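Listed here are the chains, written in short residue letters.
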Amino acid sequence: MPSSFTGKVAVVTGAARGIGAGVAREYVRRGGRVALLGLEPDELKSLAAELGDAAAWWEADVRDTAAVQSAVDAAADRFGRIDHVLANAGIAAYGTVRQIDPGAFERVVDVNLNGVFRTLRAAAPHVIATKGYVLVVSSLAAFTPLAGLAPYNASKAGVEALALAYRQEMWVHGVKVGVCHPSWIDTDIVRGAEDDLPSFKAIRGRLPWPANGTTSLEECVEAVTHGLEKKKRRVYVPKGVLVANLTKPLFSSAVAEPIAKRLVKRTVPQMEREVAALGRSHSAHVPVTDAK
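From a predicted model like this one, the values you see are computed outputs, not experimental measurements.

> Give me the overall build of the protein: which residues, what numbers.
Scanning the protein for helices and strands turns up 11 helices and nine strands. Taking 19 Å as the expected radius of gyration for a compact globule of 292 residues, we find that the protein reaches 19 Å, a close match to that expectation. Taken along its principal axes, the extent of the C-alpha atoms in the protein is 55 × 35 × 35 Å. A total of 292 residues make up the protein; the buried ones form 52% of that total.

Okay, here's the thing in structure tokens:
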């Protein structure tokens, strides 16, 4: 069995399913131990049971500062150290800015951006003690904002900026910080969005590579785990997302606007109709809480 994480401990937020659960499994397979943080106790409990003594779980909403701090500190007490942190918890919401419920917009930002801040703040003393590594999950969306995804785009762009500032702050402590930029990954949330909103799938299909494709969960897990192992500055999933980073100024320039206008002229009204008919602002696979 691979043993690249033997003696190491990782904290994973959003660990109940998808990328978080996949990385937790691979981390343990390679000899490490994991603290699973998330909102779905049944899934977390099941995953921890599957992974055995190498895993423990805590129900913690990243919107709750005290809960995140308590869970991270408890994980450090349970395992004796924290070497890696995967700040992975994230959600999306449906609808344009003029249509979306303000509470849904605010919730996306609170989970995706403020939740990462709470995670980084809680983990800081522990990763400083081990000269560890933190990988913050942003998105391809940080480089390519799309109509109808404003809260997700804004939060993921903010997450990238937060991670880059945190990286500089942690240099003096010997801690490395990376940013992960997945494109569309074959998870419950992406499949659910395509089922809920045919316009979402249509928009993606008209985008340039790699934004028009879907990456397997297995490929994403391998890339993220490799990033943790090598303490990478950037993790692109797939690797072609690097092109989106390099061409970000072009994407938002006047040169690209005529193409974007043609794309959204039909898809935006269609999306608004679909969201209105759906009667909810999020995927059925996104757990909802009342945390403040």
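> An account of the sheet that holds strand β1 (residues 9–13) is needed here, citing residue identities and associated values.
Spatially, β3-β2-β1-β4-β5-β6-β9 is the arrangement adopted by the seven strands of the open sheet, whose pairing is parallel. Each edge of the open sheet is held by one strand with a lone partner, namely β3 (55–59) and β9 (234–237). Here the average twist between neighbouring strands, direction ignored, is 15°. In this structure, strand β6 (residues 176–182) lies alongside β9, joined through four bridges in parallel fashion.

> Got a sec to walk through the side chain of Asn112? Specific residues and values, please.
The residue Asn112 is located in helix α4 (residues 102–130) in this model. A polar atom in the side chain of Asn112 sits 3.1 Å from the side chain of Ser155. What Asn112 contacts, discounting residues up to four positions off in sequence, is Ala89, Gly90, Ile91, Tyr152, Ser155, Lys156 and Val159.

> A description of the side chain of Asp110 should follow, citing residues and the corresponding values.
Mapped onto the elements of the fold, Asp110 is located in helix α4. A relative accessible area of 11% means that Asp110 is categorised as buried. Engagement of the side chain of Asp110 in a polar contact is seen with the side chain of Arg118, the distance being 3.0 Å. With near-sequence residues (within four places) excluded, Asp110 lies in contact with Arg63, Gly115 and Arg118.

> Provide a residue-level description of helix α2 (residues 41–51), including the pertinent values.
Turning to α2, its buried residues are Leu44, Leu47, Ala48 and Leu51. In a view along the axis of α2, the buried residues occupy a sector of 100°, so they form one face of it. More than 90 degrees from the buried face of α2, the exposed residues found are Asp42, Lys45 and Ala49. Residues of α2 that are buried sit in contact with α1 (18–29), β2 (33–38) and β3. Gly52 sits one or two positions beyond α2 and adopts a positive phi of about 75°.

> Explain the pairing of β2 residue by residue, including any values.
Most of β2 sits inside the fold, with five of its six residues counted as buried. In this region the chain leaves β1, passes through α1 and returns to the parallel neighbour β2; the handedness of that crossover is right-handed. Note that β2 and β3 share five bridges and pair parallel. Note on β3: the bridge partner recorded for Gly38 is Glu59.

> Outline the pattern of salt bridges, listing residues and values.
Under the defined criterion, the tally for this structure stands at 15 salt bridges. The residue Arg29 makes a salt bridge to Glu26 at a minimum N-O spacing of 2.9 Å. Taken as a pair, Arg29 and Glu26 lie in helix α1 at a separation of three residues, close to a single helical turn. What makes Arg29 partly exposed here is its relative accessible area of 38%. Owing to a relative accessible area of 12%, Glu26 belongs among the buried residues under this scheme. Note that Arg118 is salt-bridged to Asp110, the shortest N-O span being 3.0 Å. Of the residues examined, Arg118 reaches a relative accessible area of 13% and is grouped as buried. Three or more residues are tied together by salt bridges with common partners; here these are Arg17, Glu40, Asp186, Asp188 and Arg191.

The rules behind the values
- Residue indices follow the written sequence of each chain, beginning from 1 at its first position.
- Reporting in this predicted model follows two pLDDT cut-offs: at least 70 for local features of residues, and 80 or more for side-chain atom pairs to be given and counted; totals over whole chains, interfaces and linings ignore these cut-offs and use all residues.
- Side-chain numbers here rest on the full set of heavy atoms in the structure, without hydrogens or water.
- In this text, helices come from DSSP runs of H or I with a minimum length of four residues, and strands from runs of E with a minimum of two, each type numbered from the N-terminal end.
- Throughout, the radius of gyration refers to the C-alpha atoms, and the reference size of a globule is 2.2 Å times the residue count to the power 0.38.
- Type-normalised accessible area, obtained with a 1.4 Å probe on protein chains alone, sets the label of each residue: buried when under 20%, exposed when over 50%, and partly exposed for intermediate values.
- By definition, two strands form a pair when at least two bridges between them are found by DSSP.
- Orientation is described by lines fitted to C-alpha atoms, with helices fitted over the stretch in contact, and by angles between N-to-C directions that extend from 0 to 180 degrees.
- Any N or O atom pair separated by 3.5 Å or less is treated as a polar contact, with the protein-specific requirement of one donor-capable and one acceptor-capable atom, and with residues adjacent in sequence counted only for side-chain atom pairs.
- Whether two residues touch is decided by their heavy atoms; if any such pair falls within 4.5 Å, the residues are in contact.
- Relevant arc is that of directions from the helix axis to the C-beta atoms, nothing else.
- Classification remark: right-handed applies to a crossover when, strands pointing away from the viewer, the course from the first strand over the helix to the second runs clockwise.
- We count a salt bridge whenever a side-chain nitrogen from Lys or Arg sits within 4 Å of a carboxyl oxygen from Asp or Glu.

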